[in-house]
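Listed below, chain by chain, are the residues.
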Protein chains: 2
Amino acid sequence: MSISARPTASSPSDTTASAHDRVYRALRARIMYGDIAPGEALTLRGIGREYEVSMTPAREALRRLVAEGALSLSSSGRVATPELSNERIEELAALRALLEVELSSRALPRAHMALIDRLQSINLAIAEMVSKRDAVGYIRTNLEFHRTLYLRAQAPAMLAMAETVWLQLGPTMRALYGRLRRTDPPQNHRLIIAALKAGDEPGLRLAVRSDVTQGLRLLVV
Amino acid sequence: MSISARPTASSPSDTTASAHDRVYRALRARIMYGDIAPGEALTLRGIGREYEVSMTPAREALRRLVAEGALSLSSSGRVATPELSNERIEELAALRALLEVELSSRALPRAHMALIDRLQSINLAIAEMVSKRDAVGYIRTNLEFHRTLYLRAQAPAMLAMAETVWLQLGPTMRALYGRLRRTDPPQNHRLIIAALKAGDEPGLRLAVRSDVTQGLRLLVV
DNA sequence: TCCGCAAACTTGTGATCACAGGATAGGAAA
DNA sequence: TTTCCTATCCTGTGATCACAAGTTTGCGGA
């Protein structure tokens, strides 16, 4: 949501020395990439112990994640990663479609060959994660594919919203991985790249929409 | 962003007795409805003094608002309401269009007569605010019109995102009011209501899009 | 063996404090 | 009068603590 730096490639210890920010970034990445199971509880003192900070920065990091919908705080303060209802999953999927179709459409006129090359190499990394059965790695590289494309849209607020949706879906996304079993590799991603090369906007919108929607559909039981 | 209760009609002292939440809600309303000028600085101790709490809850409220993009924290921690660039305003307007068109479209099949009545009475309130030259009241009732409609969409995550955009535009929205000078009253709102009555989805989408876009266009210099 | 209650513990909340860094004002020198 | 430097103030950060509320554990009675 904010303009803070991306927690993606994350050099081991970022230059930003703020304690709560470090905790926030670490937790955000863990949640977004499905490293934390849905329903898992987090305690202030536990976080503090794990990241060697006091309760204050831990609380601020948690509260920020709650504000972004990444964590839900149950009655009386306990905070845990949320278990999404089917309606919520469908709504978030629709939101992804809405935002990401627009982002890709805006990125299209600015997509140079260098970008397409980069997307293709990310695709290789995704295939590797699939073959290694690395769920967290798969989710991370998959989102990196999307983020790389959308960065070209020059629409930071829109991208931030898309990332917030990813964050909310993170814990659930992990469950998705268990069901796709090697079928999914960069099928839709190849369509996206083809549409980018061809400058085919309707095709791009369609490809992004299905890539975003189709996976989540498996989750709705 | 979160599922917290609406700060709108706000009974004077809410049942939720949490200090930081009270401060958060109060500040959120003030920002969203344009009660704070763009660029205005907020201090932790100042907030604490104003709402009679210590620095801790004040800091949490501010930090949450920063996370939602309602406030920008400049280099080295100072927090102030942001002055939006033209590109940012255009992007946020596009985001409003994207989200609110979808929300209105989802609300359409569920719009009963009671809803339309309520929207019309809100429209009267808007006209009254315009005649009273009450900028904050105008913004508040205008957003209430939109929120009342979108609540019918049964899409809480999407509505929360729209509200986040409103929040980011809040301080800027105030500046808009100075330029519309009694011209604007519920012109587009009447189109929205007409489309709702007729069950005309394309017309509704168009009316919402222009209502959302046209005002903001005045801000881009 | 099972149920219920109480004690011990764990948890989030908010206040206070020490500290470091940045902003500001005021005086001295040119 | 203007400019620069320094001392003071103000601000955000993070640690620690007291407290209240919720959770768990374990013991006693039926």
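Above: the structure in question.
Cut-offs used in this document
- Residues numbered from 1 in each chain as written.
- Chains lettered and ligands numbered in written order.
- Predicted model: local features only at pLDDT ≥ 70, side-chain atom pairs only at ≥ 80, totals over all residues.
- Heavy atoms only, no water.
- Helix = DSSP H or I, 4+ residues; strand = E, 2+ residues; numbered from the N terminus.
- Expected span 1.5 Å × (residues − 1).
- Buried < 20%, exposed > 50% of the residue type's maximum accessible area, 1.4 Å probe, protein only.
- Polar contact = N/O pair within 3.5 Å; in protein donor to acceptor, adjacent residues only side chain to side chain.
- Contact = heavy atoms within 4.5 Å.
- Buried area = accessible area lost by both parts, 1.4 Å probe.
- Salt bridge = Lys/Arg side-chain N within 4 Å of Asp/Glu carboxyl O.
- Nonpolar A, V, L, I, M, F, W, Y, C, P; charged D, E, K, R; others polar.
- Least-squares fit on C-alpha atoms with pLDDT ≥ 70 in both.
- Pairing = 2+ DSSP bridges.
- Near = heavy atom within 4 Å.
- Axes fitted to C-alpha atoms, helices over the stretch in contact; angles between N-to-C directions.
- Parallel < 35°, antiparallel > 145°, perpendicular 65-115°, else oblique.
- Left-handed = near helix turned anticlockwise from the far one by under 90°.

1. Overview of helix α6 (residues 135-151) of chain B
Residue pairs spaced three or four apart in an α-helix point in one direction, given the helix's 3.6 residues per turn.
All names here are of chain B.
Logical step 1: For α6, which comprises 17 residues, the first-to-last C-alpha distance of 24 Å matches the rise-based estimate of 24 Å (1.5 Å per residue) to within 8%.
Logical step 2: The buried fraction of α6 is high, at 13 of 17 residues.
Logical step 3: Measuring from the backbone nitrogen of valine 136 back to the side-chain oxygen at the start of α6 gives 3.3 Å, which picks out aspartate 134 as the cap.

2. Focus: the interface of chain A and chain B
Many authors give the size of an interface as the accessible area that is lost as the parts come together.
Logical step 1: Taken residue by residue, the interface counts 29 residues in chain A and 29 residues in chain B.
Logical step 2: In total, chain A and chain B occlude about 2600 Å² of area from one another, counting both sides; carbon and sulfur atoms represent 69% of this.
Logical step 3: Interface area lost by chain A to chain B is led by Arg63, Glu91 and Met161 of chain A, which between them contribute 22%.
Logical step 4: Remark: the boundary between chain A and chain B carries 4 salt bridges.
Logical step 5: When the shortest N-O distance is used, the salt bridge between arginine 63 of chain A and glutamate 60 of chain B registers 2.6 Å.
Logical step 6: Our count for the chain A to chain B interface comes out at 10 residue pairs in polar contact (both at pLDDT 80 or more).
Logical step 7: Within the residue set of the side of chain A that touches chain B, elements represented by two or more residues are α3 (55-67), α4 (86-107) and α7 (156-180) of chain A.
Logical step 8: At 9 residues, the largest contribution of residues to the side of chain A that touches chain B is made by α4 of chain A.
Logical step 9: Among the residues forming the side of chain A that touches chain B, the class breakdown is 14 nonpolar, 6 polar and 9 charged.

3. Comments concerning the relation of the copies chain A and chain B
Logical step 1: Overlaying chain A with chain B gives an RMSD of 0.0 Å, the required rotation being 180 degrees about an axis along which the chain moves by 0.0 Å. Between the two chains, the operation in question is that of a two-fold axis. Relative to the rotation axis, the C-alpha of arginine 64 of chain A is the closest in chain A, positioned 2.8 Å from it.
Logical step 2: Mapped onto chain B, 100% of the interface residues of chain A again fall at the interface, so both copies present the same surface.

4. A look at the environment of methionine 55 of chain B
Logical step 1: Along the polypeptide, methionine 55 of chain B turns up in helix α3 (residues 55-67).
Logical step 2: Excluding its chain neighbours within four sequence positions, the residues that come into contact with methionine 55 of chain B are Leu44 and Arg45 of chain B.

5. Considerations on the sheet that holds strand β3 (residues 79-80) of chain A
All names here are of chain A.
Logical step 1: One open sheet holds the 3 strands; their spatial order is β1-β3-β2, and the pairing between them is antiparallel. Each edge of the open sheet carries a strand with a single partner, namely β1 (41-42) and β2 (72-73).
Logical step 2: Both β1 and β3 contribute to a ladder of 2 bridges, which runs antiparallel. Bridge assignment links leucine 42 to a residue of β3, and that residue is valine 79.

6. Notes on the protein's contact with DNA strand D
Logical step 1: Taken together, 18 residues are adjacent to DNA strand D, and Ala19, Ser54 and Thr56 of chain A together with Arg59 and Arg63 of chain B come closest.
Logical step 2: Sugar and phosphate atoms constitute 59% of the interface atoms of DNA strand D, taking the interface as everything within 4 Å of the protein.
Logical step 3: Backbone polar atom of leucine 44 of chain B to a phosphate oxygen of DNA strand D: 2.8 Å apart, as the coordinates give it.
Logical step 4: Between a base nitrogen of DNA strand D and a side-chain N or O atom of arginine 59 of chain B, the distance comes to 2.8 Å.
Logical step 5: For the surface near DNA strand D, the elements supplying multiple residues, two or more each, are α1 (19-32) and α3 of chain A together with α2 (44-51) and α3 of chain B.
Logical step 6: Element by element, the count of residues in the surface near DNA strand D is highest for α3 of chain B, at 3 residues.
Logical step 7: Taken together, the residues of the surface near DNA strand D sort by class into 6 nonpolar, 7 polar and 5 charged.

7. Things to note about the protein's contact with DNA strand C
Logical step 1: Around DNA strand C there are 16 residues in total, and Arg59 and Arg63 of chain A together with Ala19, Ser54 and Thr56 of chain B lie nearest to it.
Logical step 2: Near the protein, within 4 Å, the atoms of DNA strand C are sugar or phosphate in 58% of cases.
Logical step 3: Between DNA strand C and the protein, one listed contact pairs a phosphate oxygen with a backbone N or O atom of leucine 44 of chain A at 2.9 Å.
Logical step 4: Within the side chain of arginine 63 of chain A, an N or O atom sits 2.8 Å from a phosphate oxygen of DNA strand C.
Logical step 5: Elements with a minimum of two residues in the surface near DNA strand C: α2 (44-51) and α3 of chain A together with α1 (19-32) and α3 of chain B.
Logical step 6: Considering each element in turn, the surface near DNA strand C owes the most residues, 3 residues, to α3 of chain A.
Logical step 7: Grouping the amino acids of the surface near DNA strand C by side-chain chemistry returns 6 nonpolar, 6 polar and 4 charged.

8. Points about the packing of helix α6 (residues 135-151) of chain A against helix α8 (residues 187-198) of chain A
Relative orientation and spacing of two packed helices are given, respectively, by the angle between their axes and the distance between those axes.
Residues and elements named next belong to chain A.
Logical step 1: Packing of α6 against α8 leaves a shortest axis separation of 12 Å and a crossing angle of 15 degrees. By the angle between their axes, α6 is roughly parallel relative to α8. The way α6 lies across α8 gives a crossing that is left-handed. Of α8, the residues touching α6 (which contributes Asn142, Phe145, His146 and Leu149) are His189, Ile192, Ile193 and Leu196.
Logical step 2: The residue makeup of the contact of α6 with α8, split by class, is 5 nonpolar, 3 polar and no charged.

That's the geometry; what it means functionally is another story.
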